[in-house]
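Secondary and tertiary structure notes
For reference, the chains in residue letters:
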Amino acid sequence: MDAYALIDKYYADSPELKHVLITHSEQVRDRALQICHAHPQWDVDLDFIAEASMLHDIGIIYCYAPKIHCLGTHKYIEHGYLGAELLRREGLPLHALVAERHTGSGITHDQVIREELPIPVQDYLPESLAERIICYADKFYSKSHLGEEVALSKIRMNMWKYGHDAILRWEKLEREMK
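Fair warning: this is a prediction, and the values are worked out from it, not measured in the lab.

Bringing the packing of aromatic side chains into the picture now. Think of a pair of aromatic rings as described by two things: how far the centres are apart, and how the planes are tilted against each other in angle. Under the defined criterion, the tally for this structure stands at three aromatic pairs. On the numbers, 5.1 Å between centres and 65° between planes, the contact of Y136 with F140 is edge-to-face. Among the aromatic residues, those joined into a cluster by ring pairs are Y136, F140 and W170. Between R31 and the ring centre of F140, over which it is positioned, the NZ or CZ distance is 3.6 Å.

Below is the structure:
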């Protein structure tokens, strides 16, 4: 599977957004692979980690976030499930789970209801090891500040705005990825 070809298929008419997506995704991929190499005891498919890292944000094409050249009609929070739908249509169900479950430290069914999020009501928690690795790696890179790494202390502060459960999930990811 060629992640770049799939990105080209959907982003050919959006070169600025394609650049943002690829730059961010390559950073996430490189960090995810670095984490895997630091844990040789893990039984992970490195090719899958690389592919899923490149495709985890493919749904941003449908969202509106003009600062990063997203000119779609959906709210940005929807990019995970929209990307998952796209990846399922492409015959990539495991890649779709990564896209669906990578936001924040995961989103719970209750959080969707409580915060009235415009996404289907279900849990969006990273479950597989690959999902957790990519979810964790993603938080270190912003699409609005390409090339910069987000400090761990800032990630922790950002997690607090999503509540106590989100920070507990983040801390669990931190411990696992060390």
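One pass over the structure, following the stated rule, counts one cavity of 30 Å³ or more. In this structure, the largest cavity encloses a volume near 50 Å³. Along the walls of the largest cavity sit I77, G80, Y81, E100, T103, I107, I119 and Y124, which together make up its complete lining. Within the lining of the largest cavity, the residues separate by chemical class into five nonpolar, two polar and one charged.

Enumeration according to the criterion identifies zero disulfides in this entry. As a non-bridged cysteine, C70 has C63 as the owner of its nearest cysteine sulfur, 6.5 Å distant.

With that out of the way, let us pick up the side chain of E78. Tracing the backbone shows E78 in the loop between strand 2 (70-71) and helix 4 (79-89). At 2.8 Å, the side chain of E78 forms a polar contact with the backbone nitrogen of K75. Once residues lying within four places of it in the same chain are set aside, the contact partners of E78 are C63, P118 and I119.

Conventions used here
Residues numbered from 1 in each chain as written. Predicted model: local features only at pLDDT ≥ 70, side-chain atom pairs only at ≥ 80, totals over all residues. Heavy atoms only, no water. Phe/Tyr/Trp six-rings, centres within 6.5 Å; stacked < 30°, edge-to-face > 60°. Lys NZ or Arg CZ within 6 Å of the ring centre and 35° of its normal. 1 Å grid on protein atoms, 1.4 Å probe; cavity = no way out; pocket = protein on both sides within 12 Å on 5 of 7 lines; lining within 4 Å. Points joined across faces, edges and corners; volume = space filled by probe spheres on them. Nonpolar A, V, L, I, M, F, W, Y, C, P; charged D, E, K, R; others polar. Disulfide = S-S within 2.5 Å. Helix = DSSP H or I, 4+ residues; strand = E, 2+ residues; numbered from the N terminus. Polar contact = N/O pair within 3.5 Å; in protein donor to acceptor, adjacent residues only side chain to side chain. Contact = heavy atoms within 4.5 Å.

Scope: geometric values only; no functional claims are made or implied.
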